[in-house]
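Report on the structure
Now for the letters of each chain:
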Amino acid sequence: FFSSRRRHTRLQGDWSSDVCSSDLVIYGLHALSVFIGVTSAATIAGSFVFGVPSIAAVILNYVKRSEVRNTWLDTHFAWQIRTFWFAFFWSVLVFVISAPLMFILIGFATAWLGIVLVGLWVSYRVIRGCVALRDRRALPMSGPIGESP
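Below is a summary of the structure that appears in this document. (Residues numbered from 1 in each chain as written. Predicted model: local features only at pLDDT ≥ 70, side-chain atom pairs only at ≥ 80, totals over all residues. Heavy atoms only, no water.)

1. Section: the overall build of the protein chain
Looking only at helices and strands, the protein chain has six helices and zero strands in total. Buried residues in the protein chain amount to 42% of all 149 residues. Here the contacts in the protein chain between residues at least 6 apart in sequence split such that 69% fall between residues at least 24 apart. Accessible area for the protein chain stands at about 8,200 Å²; split by element, carbon and sulfur atoms hold 73% of it. (Helix = DSSP H or I, 4+ residues; strand = E, 2+ residues; numbered from the N terminus. Buried < 20%, exposed > 50% of the residue type's maximum accessible area, 1.4 Å probe, protein only. Contact = heavy atoms within 4.5 Å. Areas by Shrake-Rupley, 256 points an atom, 1.4 Å probe, with all protein chains shown as cover.)

2. Focus: the nonpolar core
Ranked by internal contacts, the top residues of the largest apolar core, which has 15 residues, are Leu 73 and Leu 133. The greatest single-element share of this core, amounting to five residues, is contributed by helix α4 (residues 72-101). Formed by 12 residues, the second largest nonpolar core is a distinct cluster that contains Val 58, Ile 81, Ala 87 and Val 126. (Core = buried A, V, L, I, M, F, W, Y, C linked by side-chain atoms within 4.5 Å.)

3. Digging into the packing of aromatic side chains
What the rule picks out here adds up to seven aromatic pairs. Ring geometry for Phe 86 and Trp 121: centres 6.5 Å apart, planes at 55 degrees, overall tilted. Note that Phe 86 is positioned in helix α4 and Trp 121 in helix α5 (residues 106-134), a separation of 35 residues in sequence. A relative accessible area of 28% means that Phe 86 is categorised as partly exposed. Classification of Trp 121 by relative accessible area gives partly exposed; the value is 27%. Positioned above the aromatic ring of Trp 79, the side-chain terminus of Arg 125 is 3.5 Å from the ring centre. (Phe/Tyr/Trp six-rings, centres within 6.5 Å; stacked < 30°, edge-to-face > 60°. Lys NZ or Arg CZ within 6 Å of the ring centre and 35° of its normal.)

4. Comments concerning the packing of α4 against α5
Relative orientation of the contacting elements α4 and α5 amounts to 175 degrees, with a least axis distance of 8 Å. By the angle between their directions, the pair α4 and α5 is classed as roughly antiparallel. (Axes fitted to C-alpha atoms, helices over the stretch in contact; angles between N-to-C directions. Parallel < 35°, antiparallel > 145°, perpendicular 65-115°, else oblique.)

5. Let's talk about the environment of Thr 83
You can see Thr 83 is positioned in helix α4. You can call Thr 83 buried: its relative accessible area is 2%. Beyond its immediate sequence surroundings of up to four residues, Thr 83 is in contact with Phe 48, Trp 121 and Arg 125. A distance of 2.8 Å separates the side chain of Thr 83 from the side chain of Arg 125, its partner in a polar contact. (Polar contact = N/O pair within 3.5 Å; in protein donor to acceptor, adjacent residues only side chain to side chain.)

As structure tokens, this is what we get:
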């Protein structure tokens, strides 16, 4: 599925497409990272941002994205890429805010709460994206941050 040049020109999806199948694999890799975070000593946010499955998934997103330009699948690729980078930046922000506060012990609570919230947000985004892909629906992309380049 990595070499397909088939283009999606309709708003609704075509399950026979290699690109659609690869997007399902990409969601599967992200879901695997969430599962690893839930079932191991790692956090959801940590395994999502630093885990091999999600890093491989975001690389695949960038490699395959040109094949889905201006299609309903383009919104899924943008959704997945944004989820990865926003989770990364939110996790860094949680650390930057919590690290100095750890000297007065409250930083441990803010770090835990922040990472849990990022993990819940990531889980929501992966589930919502998978459901939309299953239903062959585009995902909302509004505002300057959500616009696909």
